[in-house]
Amino acid sequence: MVHARRSALERLGREDPVAHVEPLEYGSAMASDPAPAHPDMPRNVVVVLLDSLNRHLLEAYGSDEFSTPNLTRLARRSVRFTNHHTGSLPCMPARHDVLCGALDFLWRPWGSVEIWEDAITYDLRRKGVVTQLVTDHPHLFESGGENYHTDFSAWDYVRGHEDDPWKTRLDPSWLGAPALAAQPASIERGYDRSRTYFRSEEDFPGPQTMSAAARWLRENAHHHDRFFLFVDEFDPHEPFDTPEPWASMYDPGWRGPRVIWPPYTDATGPSVPSERTGRHIRANYGAKLSMIDHHLGKVLDALDDEQLWANTAVVLMTDHGHYLGERGGIWGKPGVPVYNEMGHIPLMIAWPGSDAFEVHSLSTTVDVHATLCEIFDVTPVQRTHGRSLVSTLRAETSGARSHLLTGVWGREVTYVDDDVRLVRAPNATNRPLAMYSNRWSSMPVHALAHVRLPRPDRRATIDFMPGSPVPVLRQPYGVGDEVPYWASARSFHGDVLFDRREDPAEVRDLASGRVERGSVHLEALVEALRALEAPLVQFERLGLD
């Protein structure tokens, strides 16, 4: 594998293209002085979120399976967090963690900015900080994610990724340039049409997004007093589709249509691929990872050329990992516990004036939001759950938290501290459940028209979120009720307990099916849920009542 990687790199050798657009002008009569509250704070922040970025497959974190030279280039000047973990899962809940700062997986499965809260971009606009979104992430522009972009000063949406409903038919002239023959998805996916319209590598959504972000920096960074650039890049999320030379980089011997859509299955499911097909899918993930790393270089080049490192913090993060056959054959993001391949994620922050060093203390996604709030002197209106990393980045303190919670609404709840990872499974019925929301939405599944969020019914009541005076609709779910998509899987694997100090790879499960009350780790989970004022139904369904 490593030999194939190096051979492919030797075959590759080209300059990064740089394009230009007209500069964006922005101003607001209501804006306050955007100057930093403290003179040693960064003036600007760039956040690059690469979706489904596997920490354990990055060279910056010790892997040699795939080539990621630009992520390594960034790591050499960054504070590298080695104990960073997911919060709310999956895609849109993680964006809510970043932009709103409040864990929501204990209250709802997936959704937009609620009426009792504001995204940080709302407060930044009021302070006169220019905010720009550059993205190819389809969920931001459909039901369940439709209002995260609205308070950005400007946004740029690159079309055609995953299930983006961009095209209604195949391009009849597409054959041979440049999309390679690929197996279609098992259900209708918009990308299977969109990919036929790409005429070159630069037409693929990921390369387009990175080019747009680099252009924005070159054309706009010096025209604004302060700015926040959020690059929400959906790569290396599936489909794992790339043109040559990337497509053959890690599996040059594959013959036939490429498998770009990974299955979502646990190790015992009927869709587990063969060993050969599994190696091919994993290689295709690596190809997409290496391709988006290459185009990330354009953003780093723009930061170099515009001399922005001296006053700009650069955050490289992800929402979660992606199973690629680990743990006996888990693929995708199926209904399984949040093991470390999914939940132990990368975080690198290049901080002006700081040398590169490692941080081994715990952190999680909402801490990025808290860090942004401290940099820009923002106080959120809603209750948030993050701990700012600013003092850690300045090497003034070693860490801000003792534990964290992560999970998917309606599934297991995971407690992590320096000593253990405890995954608590629900009771046999996974009930009671309740959803709290005033924007009734969930992840659309375009190909499955029958999959939709159940509407509220006469059992719904008015309740309140912790710390908020705004009424919220609370919909309970009992045994036999249809539930939102991510909680529809009915299989659970029991409790899981790993000793993170003695077993850092987390392979020896100490739980034996169920962790009984009285366990110090289970009591720590209970206290963590109480501190968040989690709904009582969470305690009941998890057997903690």
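Just so you know, these numbers come straight off a predicted model, no measurement behind them. (Residues numbered from 1 in each chain as written. Predicted model: local features only at pLDDT ≥ 70, side-chain atom pairs only at ≥ 80, totals over all residues. Heavy atoms only, no water.)

### Brief notes about the overall build of the protein
And step 1. Looking only at helices and strands, the protein has 12 helices and 20 strands in total.
And step 2. For the protein, the C-alpha radius of gyration of 23 Å lies close to 24 Å, the compact-globule estimate for 545 residues.
And step 3. The dimensions of the protein, computed from C-alpha atoms along their principal axes, are 60 × 60 × 50 Å.
And step 4. Within the protein, the fraction of its 545 residues that count as buried is 62%.
And step 5. For the protein, the proportion of contacts with a sequence separation of at least 24, taken over those separated by at least 6, is 75%.
And step 6. Summing over all exposed atoms, the protein offers an accessible surface of approximately 20,700 Å²; the carbon and sulfur share of this is 50%.
And step 7. Here the protein contributes 56 positively and 76 negatively charged side chains, and the mean placements of these two sets differ by 3 Å. (Helix = DSSP H or I, 4+ residues; strand = E, 2+ residues; numbered from the N terminus. Rg over C-alpha atoms; globule rule 2.2 N^0.38 Å. Buried < 20%, exposed > 50% of the residue type's maximum accessible area, 1.4 Å probe, protein only. Contact = heavy atoms within 4.5 Å. Areas by Shrake-Rupley, 256 points an atom, 1.4 Å probe, with all protein chains shown as cover. Lys, Arg positive; Asp, Glu negative; His and termini not counted. Charge placed at Lys NZ, Arg CZ, Asp CG, Glu CD.)

### Describing the packing of aromatic side chains
And step 1. Evaluation of the coordinates by the stated rule reveals 16 aromatic pairs.
And step 2. Seen from their ring centres, Phe141 and Tyr157 are 4.0 Å apart, and the 15° between their planes marks the pair as stacked. Taken as a pair, Phe141 in the loop between strand E5 (130–135) and strand E6 (154–157) and Tyr157 in strand E6 lie far apart in primary sequence, 16 residues in all.
And step 3. Here Tyr157 falls in the buried class, since its relative accessible area comes to 16%.
And step 4. Geometrically, the ring pair formed by Trp166 and Phe198 is stacked, given 6.5 Å between the ring centres and 25° between the ring planes. In this pair, Trp166 is assigned in the loop between E6 and helix H5 (191–194) and Phe198 in the loop between H5 and helix H6 (205–220), connecting sequence segments 32 residues apart.
And step 5. Here a set of aromatic residues connected by ring pairs shows up, and it is made of Trp166, Tyr191, Tyr197, Phe198, Phe204 and Trp261.
And step 6. Against the face of Trp309 rests Arg77, its NZ or CZ located 3.9 Å from the ring centre.
And step 7. The ring of Tyr61 has Arg80 lying over it, and the distance from NZ or CZ to the ring centre is 4.9 Å. (Phe/Tyr/Trp six-rings, centres within 6.5 Å; stacked < 30°, edge-to-face > 60°. Lys NZ or Arg CZ within 6 Å of the ring centre and 35° of its normal.)

### Overview of the sheet that holds E6
And step 1. The mixed open sheet is built from eight strands, whose spatial order is E6-E5-E7-E1-E8-E11-E2-E12. With partners counted over all chains shown, the strands left at the sheet margins are E6 and strand E12 (357–359), one partner each. Strand-to-strand twist of the sheet, defined as the mean angle between neighbouring strand axes without regard to direction, takes the value 15°.
And step 2. Along the sheet face, helix H9 (residues 365–376) touches strand E1 (44–50), strand E7 (227–233), strand E8 (312–317) and strand E11 (347–350) and points at about 165° away from the line of E1. (Pairing = 2+ DSSP bridges. Axes fitted to C-alpha atoms, helices over the stretch in contact; angles between N-to-C directions.)

### Regarding H9
And step 1. Compared with an ideal rise of 1.5 Å per residue, which puts 12 residues at 16 Å, H9 spans 18 Å between its outermost C-alpha atoms and is within 8% of the ideal.
And step 2. Along H9, the positions that sit buried rather than exposed are Thr365, Val366, Asp367, Val368, His369, Ala370, Thr371, Leu372, Cys373, Ile375 and Phe376.
And step 3. Once H9 ends, the next one or two residues include Asp377, with phi positive near 55°. (Expected span 1.5 Å × (residues − 1).)

### Topic: the pairing of E1
And step 1. Counting buried positions over the seven residues of E1 gives seven, a clear majority of the element.
And step 2. The sheet contact formed by E1 and E8 spans six bridges and is parallel. Looking across to E8, one finds that Asn44 is bridged to Thr312.

### Remarks on the packing of helix H3 (residues 91–100) against H9
Geometrically, a packed helix pair is captured by the angle between its two axes and the distance between the axes.
And step 1. Viewed as axis vectors pointing N to C, H3 and H9 meet at an angle of 25°, and their least axial separation amounts to 6 Å. Between H3 and H9, the interaxial angle falls into the category roughly parallel. For the pair H3 and H9, the crossing hand works out as right-handed. Within the contact between the two elements, H3 uses Ala94, Asp97, Val98, Leu99 and Cys100 and H9 uses Thr365, Val366 and His369. (Parallel < 35°, antiparallel > 145°, perpendicular 65-115°, else oblique. Left-handed = near helix turned anticlockwise from the far one by under 90°.)

### Here's the deal with the pattern of salt bridges
And step 1. Overall, the coordinates contain 36 salt bridges when judged by the stated rule.
And step 2. One salt-bridge network, in which partners are shared between bridges, spans Asp51, Arg95, Asp232 and Asp319. (Salt bridge = Lys/Arg side-chain N within 4 Å of Asp/Glu carboxyl O.)

### A closer look at the pairing of strand E15 (residues 413–417)
And step 1. Counted residue by residue, E15 has five buried out of five residues, so it is predominantly covered.
And step 2. On E15, burial covers both faces: Val413, Tyr415 and Asp417 on one face and Thr414 and Val416 on the other are all buried.
And step 3. Where strand E14 (residues 403–408) folds back on E15, the antiparallel hairpin that results is connected by four residues, among which Gly410 adopts a positive phi of roughly 80°.
And step 4. Relative to strand E16 (residues 420–424), E15 is paired through four bridges, and the arrangement is antiparallel. Its bridge partner lying in E16, Val413 is registered against Arg424.
And step 5. Between E15 and E16, which pair antiparallel and follow one another directly, the connecting turn spans two residues.

### Considerations on the nonpolar core
As a rule of thumb, nonpolar side chains are buried together in soluble globular proteins.
And step 1. Judged by nonpolar contacts, the single largest core of 56 residues is most densely connected at Leu71, Leu217 and Leu303.
And step 2. At the level of secondary structure, the elements contributing two or more residues to this core comprise E1, helix H2 (69–75), E5, H6, E7, helix H7 (275–305), E8 and E11.
And step 3. Tallying contributions element by element places H7 first for this core, with 12 residues.
And step 4. Leave out the neighbours within four places in its chain, and Leu303 touches Val46, Leu217, Leu308, Trp309 and Val314.
And step 5. Listed in part, the 54 residues of the second largest apolar core include Ala119, Val359, Leu389 and Val408. (Core = buried A, V, L, I, M, F, W, Y, C linked by side-chain atoms within 4.5 Å.)

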